[in-house]
Amino acid sequence: MDDIKYGEILMPGDEETQKEQETSVRRKFWPTLRKAARHIPFSRDVVAAFYCALDPQTPTRVRGILLAALGYFVMPVDIIPDFFAVIGFSDDVAVLTLAFSMIRGHIRQEHYDAADRALENEPQSMKTA
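Fair warning: this is a prediction, and the values are worked out from it, not measured in the lab. (Residues numbered from 1 in each chain as written. Predicted model: local features only at pLDDT ≥ 70, side-chain atom pairs only at ≥ 80, totals over all residues. Heavy atoms only, no water.)

What to know about the nonpolar core
Rules: Side-chain atoms within 4.5 Å are what join buried Ala, Val, Leu, Ile, Met, Phe, Trp, Tyr and Cys residues into a set we call a nonpolar core. We call a residue buried when its accessible area falls under 20% of the maximum for its residue type, exposed when it is over 50%, and partly exposed in between, using a 1.4 Å probe and counting protein chains only. Runs of E in the DSSP output that reach at least two residues are strands. Runs of H or I that reach at least four are helices, and both are numbered from the N terminus. In what follows, residue pairs with any heavy atoms lying within 4.5 Å of each other are defined as contacts.
Counting residues in hydrophobic clusters, the biggest one holds 34 residues, and the most contacted among them are Phe29, Val46 and Phe73. When contributions to this core are tallied by element, the ones reaching two or more residues are α2 (15-36), α3 (43-54), α4 (60-74), α6 (90-102) and α7 (109-121). The element contributing the most residues to this core is α4, with nine residues. Dropping the residues within four chain positions of it, phenylalanine 29 is found in contact with Val46, Val47, Phe50, Leu70, Phe73 and Val74.

Right, here's the structure in full:
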């Protein structure tokens, strides 16, 4: 995957696109994270990004980038299918890493605190996937 494809994936999109992505991310995030957690070395950052993307205080462009990256993460069909164990999540990791570099500084401590609580308590939606 080249930079152009990454750029296409991480387009913040308009308000309608962001709402659609948010709905998809809210529904699929925890089941996908549960499957990917052992393959993604920065799961805490991914969960913090989830909370940042849902935070109304987060700037619209940043929310859009994060929702696009998280939308790609939860998408059942992507460039490298996730059922290929470790390498299946490598494209997801690349997209998330690029998104994090684009929005550096917008994931605040409160998002990490929420991530820590969620990972410690293993949300109900994560258990039922």
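Right, picking up where we left off after that structure.
Some remarks on the packing of aromatic side chains
Note the cut-off: Whether two aromatic rings pair depends on their centres lying within 6.5 Å, for rings of Phe, Tyr and Trp, where Trp uses its six-membered ring; planes under 30 degrees apart make the pair stacked, over 60 edge-to-face, and the rest tilted.
By the definition in use, this model includes six aromatic pairs. Taking 5.0 Å as the distance between ring centres and 80 degrees as the angle between the ring planes, the aromatic pair formed by phenylalanine 29 and tryptophan 30 counts as edge-to-face. For the pair phenylalanine 29 and tryptophan 30, one class covers both residues: buried. For the ring pair tryptophan 30 and phenylalanine 50, a centre distance of 5.7 Å and an interplane angle of 70 degrees mean the geometry is edge-to-face. Note that tryptophan 30 is positioned in helix α2 and phenylalanine 50 in helix α3, a separation of 20 residues in sequence. Given a relative accessible area of 7%, tryptophan 30 falls into the buried group. Three or more aromatic residues link up through ring pairs in this structure, and these residues are Phe29, Trp30, Phe50, Tyr51 and Phe73.

Limitation: the analysis is restricted to geometry and does not speak to function.
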